[in-house]
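Structure at a glance
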Amino acid sequence: MRRLKKIHCFYRFLKSNIFIFLLSGALLYPLTVQAQLTIDIIGGSGAALPVSVVPFGNEATYPLSVSTVIGNDLKRSGRFRLIDETGIVPRPYLPEEVNTSIFRARGADAVVIGNMRPMPNNTIEVRFALIDTVRQETLANMAFTVTSPQLRATAHRIADIVYEKLTGEPGVFSTRIAYITQQGKQYMLLVADADGDNPQTIVTSADPLISPRFSPDGTRIAYVSFESQKPVVYVQSLMNGSRKAIANFRGSNSAPAWSPDGTQLIVTLSREGGSQLFIMPADGSNAAQRLMTSPGAIDTEAAFMPDGQSILFTSDRGGSPQIYRFWIMDRRTERVTFEGSHNVSPRPLPDGKGMVFVRRDNGRFQIAAMDFQTRQTMALTQGPMDESPSVAPNGRYILYSSTSGGRSILSAVSVDGTIRQRIGALTEQVREPAWGPIL
Amino acid sequence: MLRFLKVGLMVLSGILVMGCASTTDHEGAPVEDRPIADNAGGASTSGASGDGVHGQNLGTDPLKDPANILSRRSVFFAFDSYVVEDEYRGLVEAHAQYLAANPTARMTLQGHTDERGTHEYNLALGQRRADAVKRLMVLLGAQDSQIETISFGKERPRNIESNEIAWAENRRVDVLYLGE
């Protein structure tokens, strides 16, 4: 823990130099041409926890380098720095083979080791262990029996365990993200692993697609499609691709928000005039009911608080767009943002103690974070056109999209503003990221 | 230095985009064409079928005749405004009268915004613009049931550039008759 605190102090020092990191990040921009997302740390990595990931025993005989995937996950999180292990002989594959003093001499506070071997029925046993070289302790020692196509997922699971053991927070390497791409007049909704790998197109349309939102159990995705020349809310199964127009009323249907139990959706409808919030069963089995009355005002962009008792939403009922909170049972509304004339797109943090949102500051749209108790807000990005924040299920990172020169890309920033990632996809416009749940 | 770097990156990304277009061309991904059979009650499919043309014996569709004000289909708005300005009054009035004279005609008013701001809030702003034009048309004789107002927010700009001229072209309400 003490080590981590020190690192935090160093991060603060780094923040003053963040521009330099952004600049060097630009140079890191990948030079390969590929449709897949690529993720680069562009700040904070210099102060990360030093970890050595040793190639797993027999790894080379399998189609995927598990240790490379683990190392990339840890490095890209911005919280770890990889310590080179080359030249350490013999290579340790089991916990008792680790000579902690050699790794400590190289500067590694922890070591990830493992071994792979064939098992019956074409399965593979992947063993792994995490050793704390300072306290000379085995923090994890596990075995997975998997098939070859599951090796990448196994590597992400191991990275999640390493992340959690060393930071005290759950890892999000096994989660998925969704995003929208546009190439000319072709719009696509894709779902990919959190590292951008394994992208799968789940909707293709000649008309815009916006507002993808994973269901809390990760099996469905809600989104808005304009394919019928008006905004309609769909819910699509990620298991079999089937979908249903869940809100297709007269007028506009938009901004779906899942209840934490996955049974309800709040949507913005214009069917009764203006833009108002309605609640309906997520399977479309019942009618949409108006959530509250605010004649003439815009109410939209609902997001459930994690406990499901209240929602955050955007409204201009006070004359400018601001964020409000509505308690569903006692029908009470409270204004949340007061600073500035334009605060929108609220997304609660998983612990319910704060939110991230988009604010306009001198014409620049920035991602900001607010602590509900202190009411303090902090800008996490500079703009000028940052939007669509989506919080990682561990509350640590925020994915968002930024536009400049007519091009939009995804970026990520840690919730304390210290770690920055640029998520590159060189072929097309990429926007509206949504982070899926931990499964 | 920074300027140089920026230009370099722009050029580079331009090359890469071009390089990639060719690698993805082969896909030719077909536009998804699933029937939207599961309409949850959208009024857009009800009402008059056909082209909404009634009693025209001159052989010219007034909605498409460039000399007719009814062929003008866009109302533009000032920044952050929903006020239908005087210069569009004649256009709005002509369409309102057309609807009044053709009770089976159906119209969609599509609200649009410029690119500044978030997707979902802009959708609500575009809706408000479309609603403003509808209110005026109803006031001028159209039936409420003849007009559906919807919004594209910032998703379908007429001009994709990022400057004042483009933004002014994009802050608009488009008038579409059923079947157009």
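Reading the values: rules and limits
- Residues numbered from 1 in each chain as written.
- Chains lettered and ligands numbered in written order.
- Predicted model: local features only at pLDDT ≥ 70, side-chain atom pairs only at ≥ 80, totals over all residues.
- Helix = DSSP H or I, 4+ residues; strand = E, 2+ residues; numbered from the N terminus.
- Buried ≥ 20, exposed ≤ 12 C-beta atoms within 10 Å, placed from the backbone.
- Contact = placed C-beta atoms within 7 Å.
- Core = buried A, V, L, I, M, F, W, Y, C linked by C-beta atoms within 7 Å.
- Domains from an automatic or database assignment.
- Axes fitted to C-alpha atoms, helices over the stretch in contact; angles between N-to-C directions.
- Parallel < 35°, antiparallel > 145°, perpendicular 65-115°, else oblique.
- Left-handed = near helix turned anticlockwise from the far one by under 90°.
- Nonpolar A, V, L, I, M, F, W, Y, C, P; charged D, E, K, R; others polar.
- Pairing = 2+ DSSP bridges.
- Expected span 1.5 Å × (residues − 1).
- Arc of directions from axis to C-beta.
- pLDDT = per-residue confidence, 0-100.

What follows concerns the overall build of chain B. When its secondary structure is counted, chain B shows four helices and four strands. Each helix and strand of chain B, placed in order from N terminus to C terminus, yields the pattern α-β-α-β-α-β-α-β. Put simply, chain B has 180 residues, and 32% of those count as buried. Here the contacts in chain B between residues at least 6 apart in sequence split such that 73% fall between residues at least 24 apart.

The subject of this paragraph is the overall build of chain A. Along the backbone of chain A there are five helices and 30 strands. In chain A, buried positions account for 50% of the 439 residues.

A few words now on the nonpolar core. Val112, Val267 and Ile398 of chain A are the most contacted members of the largest nonpolar core, which has 118 residues in total. Here this core gathers at least three residues from each of two domains, domain 1 (2–8 + 39–167) and domain 2 (176–435) of chain A. Among residues more than four places away in sequence, those in contact with Val112 of chain A are Val51, Val53, Val54, Ile70, Phe128, Leu130 and Val162 of chain A. Core analysis: the next-biggest nonpolar cluster, separate from the first, contains 21 residues, Ala96, Leu99, Ile147 and Val175 of chain B among them.

Here we come to the packing of helix α2 (residues 89–101) of chain B against helix α3 (residues 119–139) of chain B. Residue and element names in this part refer to chain B. Across the interface, α2 lies against α3 with an axial gap of 8 Å and an inter-helix angle of 60°. Taken as axis vectors, α2 and α3 run oblique relative to one another. Relative to α3, α2 is oriented so that their crossing is right-handed. Contact with α2, carried on its side by Val92, His95, Ala96 and Leu99, involves Val133, Leu136 and Met137 of α3 and no other residues of that element. Tallied by class, the residues present in the contact of α2 with α3 amount to six nonpolar, one polar and no charged.

Residue and element names in this part refer to chain A. Looking at chain direction, strand β8 (residues 186–193) and strand β9 (residues 200–205) are connected through five bridges and run antiparallel. Bridging across to β9, Leu190 finds its partner in Thr201. A loop of six residues connects β8 with β9, the two strands running antiparallel in sequence, and Gly196 in this loop sits at a positive phi of about 90°.

This brings us to α2 of chain B. All names here are of chain B. The terminal C-alpha atoms of α2 lie 18 Å apart, and with 13 residues this matches the ideal 18 Å at 1.5 Å per residue to within 8%. Buried within α2 we find Val92, His95, Ala96, Tyr98 and Leu99. Looking straight down α2, one finds its buried side chains confined to an arc of 160°; they lie on one side. Exposed residues lying more than 90 degrees from the buried face of α2 are Gly90 and Ala101. The secondary structure elements touched by the buried residues of α2 are β1 (74–76), β2 (107–112), α3 and β4 (172–177).

Attention now goes to the domain arrangement of chain A. All names here are of chain A. In terms of domain boundaries, chain A breaks down into domain 1 (2–8 + 39–167) and domain 2 (176–435). The distance between the C-alpha centroids of domain 1 and domain 2 comes to 35 Å. With 11 residues of domain 1 at the interface, the matching set in domain 2 holds 11 residues. Considering each element in turn, the side of domain 1 that touches domain 2 owes the most residues, five residues, to strand β1 (residues 38–43). Here the side of domain 1 that touches domain 2 is built from residues that sort into three nonpolar, four polar and four charged.

Residue and element names in this part refer to chain B. Ordered in space as β1-β4-β2-β3, the four strands form an open sheet in which the pairing is mixed. The open sheet has two free edges, formed respectively by β1 and β3 (147–153), since each of these has just one partner strand. Averaged over neighbouring strand pairs, the angle between their axes works out to 20° when direction is ignored. The pairing of β2 with β3 spans six bridges and is classified as parallel. The residue bridging Thr108 from the neighbouring strand is Glu148, located in β3. Contacts from α3 reach β1, β2, β3 and β4, with the element oriented near 150° to β3.

A word on the sheet that holds strand β14 (residues 253–258) of chain A. As summarised here, the arrangement of the four strands in space is β14-β15-β16-β17 (chain A), forming an open sheet in which the pairing is antiparallel. What marks the edges here is a single partner per strand, and that holds for β14 and β17 (289–290) of chain A.

This part takes up the packing of helix α3 (residues 66–76) of chain A against helix α5 (residues 151–167) of chain A. Residues and elements named next belong to chain A. Closest axis-to-axis distance for the α3/α5 pair is 8 Å, and the angle between their directions is 45°. With respect to their mutual orientation, α3 and α5 come out oblique. α5 is crossed by α3, and the crossing has right-handed handedness. On α5, the residues that touch Val66, Val69, Ile70, Asp73 and Leu74 of α3 are Leu151, Arg152, Thr154, Ala155, His156, Ile158, Ala159, Val162 and Tyr163. Looking at the contact of α3 with α5, its residues break down into 10 nonpolar, two polar and two charged.

Okay, the confidence of the model for chain A next. In this model, chain A carries a mean pLDDT of 89, and residues with pLDDT of at least 70 account for 90%. With pLDDT under 50 throughout, residues 1–34 of chain A is counted as low confidence; its partners more than four residues away or in other chains account for 38 contacts.

Residue and element names in this part refer to chain A. For strand β30 (residues 429–435), a buried count of six out of seven residues is recorded, marking the element as mostly surrounded by other parts of the structure. Direction of pairing for strand β7 (residues 176–183) relative to β30: antiparallel, over a ladder of five bridges. In the sheet register, Gln182 faces β30, and the bridge partner there is Gln429.

Residue and element names in this part refer to chain A. Cis peptide bonds are those with omega within 30 degrees of zero, and the linkage from Val89 to Pro90 qualifies with -10°. Looking at the element boundaries, Pro90 is found in the loop between β3 (80–82) and α4 (100–106). The omega torsion across Gly383 and Pro384 is 10°, close enough to zero to call that bond cis. Mapping Pro384 onto the fold places it in the loop between β25 (377–379) and β26 (386–391). Unlike most non-glycine residues, Gln136 shows phi in positive territory, near 50°. Turning to its location among the elements, Gln136 is positioned in the loop between β5 (123–132) and β6 (137–146). On the basis of neighbour count, Gln136 is assigned to the exposed category, with 11 C-beta atoms found within 10 Å. Despite not being glycine, Ser345 shows a phi value in the positive range, around 55°. When you line up the elements, Ser345 lands in strand β22 (residues 343–348).

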